[in-house]
Amino acid sequence: MKLDFLWELIFPSSCLNCKKPLQGKEVVCDSCLEEIPLHQTFFCGECRARLPDNKKICHLNFPYLLAAASDYENAALKNLIQALKFQFIKSAADSLGKLIIRYAEAIRFEGSDFLVIPVPLARERERKRGFNQAELISKTFADHFKLPLAAASLIRPKNSPPQSEIKDFEKRRLNVKNCFSVQNGEELKGKHIILIDDVTTSGATLYEAASILKAYGAKKIIAFTAAKT
Ligand SMILES: [Zn+2]
Ligand SMILES: [Zn+2]
């Protein structure tokens with residue numbers, strides 16, 4: 001179903017944030033996108049401490065390093081993520097991809113030997129939505145940095161309730177426990193991996209995804225998201 005097309009018909013093409021008219025298919029205009037403040041460091045996945053020096057990681061045994069471009073509290077960014085996730089406006093993924101790329105460049109990320117893997121949606125949810133937003137963002141990111149995209153390596157057979165509907169941290173963790181499976185696991189062995197999702201809240205989903213990738217022999221894992229809460 002072409003929901004984004006319907007949206008374009010029903011609503012005039014104006015920036016979701018500043019309401020100025022738009023030229024292309026984006027949902028937030030270029031100047032609003034550029035005004036979203038970016039973080040300048042990686043974060044510890046466990047305690048969320050800023051890591052200005054990537055050699056000094058506080059929780060070394062945590063399965064991933066968090067690379068969150070900005071904060072969910074930012075109105076323009078929140079608009080973009082909600083447009084993508086809840087109103088199914090596919091073109092918002094391009095803007096989120098661009099934001100993550102700009103952040104990766106700001107923190108001087110160099111990852112020529114990384115494999116890019118989107119956090120998968122449960123099959124049923126992806127079928128209803130028509131796309132996986134993390135996969136769209138991953139494609140933009142992988143194209144830009146000329147990295148291989150391995151969208152089929154991580155799958156999510158189990159359809160658990162959306163994390164956004166669960167407030168309690170412990171329940172979020174249990175909700176996603178063992179929800180992922182790996183296909184062609186031998187391809188992951190010894191690889192550095194970039195996991196991509198639109199937003200991270202408790203980090204439970206990324207933890208679950210990173211843990212199974214590690215179990216299949218992945219080495220360094222960096223989780224890039226457009227936002228963290
Ligand atoms: Zn705008
Ligand atoms: Zn830490």
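The following paragraphs examine the structure supplied in this document. In this text the structure is predicted, and so the values were computed from the model without any measurement. (Residues numbered from 1 in each chain as written. Chains lettered and ligands numbered in written order. Predicted model: local features only at pLDDT ≥ 70, side-chain atom pairs only at ≥ 80, totals over all residues. Heavy atoms only, no water.)

**Regarding the coordination of the zinc ion (ligand 2)**
At the metal site, the zinc ion (ligand 2) is ligated by Cys44 (SG), Cys47 (SG), Cys58 (SG) and His59 (ND1), and these contacts range over 2.1 to 2.3 Å. In this structure, the zinc ion (ligand 2) is coordinated by four donor atoms arranged in tetrahedral fashion, with angles at the metal of 102 to 120°. Taken in chain order, the donor set of the zinc ion (ligand 2) reads C-x2-C-x10-C-H. Note that Cys44 is positioned in strand β1 (residues 42–44) and His59 in the loop between β2 (50–51) and β3 (65–71), a separation of 15 residues in sequence. (Donors = N, O, S within 2.8 Å, 3.2 Å for Na, K, Ca; no water. Tetrahedral: all angles 85-135°; square planar, octahedral: opposite > 155°, others 65-115°. Helix = DSSP H or I, 4+ residues; strand = E, 2+ residues; numbered from the N terminus.)

**Here we look at the side chain of Ser91**
Relative to the helices and strands, Ser91 resides in the loop between α3 (75–85) and α4 (92–106). With sequence-adjacent residues up to four places away left out, Ser91 is seen in contact with Lys25, Glu26 and Val27. (Contact = heavy atoms within 4.5 Å.)

**Some thoughts on the coordination of the zinc ion (ligand 1)**
Those protein atoms acting as donors to the zinc ion (ligand 1) are Cys15 (SG), Cys18 (SG), Cys29 (SG) and Cys32 (SG), and they sit at 2.3 Å. Each of the four donor atoms around the zinc ion (ligand 1) contributes to a set of angles spanning 104 to 117°, which defines the coordination as tetrahedral. Here the donor residues of the zinc ion (ligand 1) share one chain and are spaced in sequence as C-x2-C-x10-C-x2-C. Placement of the pair is Cys18 in the loop between α1 (3–10) and α2 (30–35) and Cys29 in the loop between α1 and α2, with a sequence separation of eleven residues. Here Cys29 falls in the buried class, since its relative accessible area comes to 8%. (Buried < 20%, exposed > 50% of the residue type's maximum accessible area, 1.4 Å probe, protein only.)

**Focus: the pairing of strand β4 (residues 114–118)**
A large share of β4 lies buried, amounting to five of its five residues. Alternating positions in β4 separate into two faces, Phe114, Val116 and Pro118 on one and Leu115 and Ile117 on the other, with burial throughout. The sheet contact formed by β4 and strand β7 (residues 192–200) spans five bridges and is parallel. The residue of β7 that forms the bridge with Val116 is Ile194. (Pairing = 2+ DSSP bridges.)

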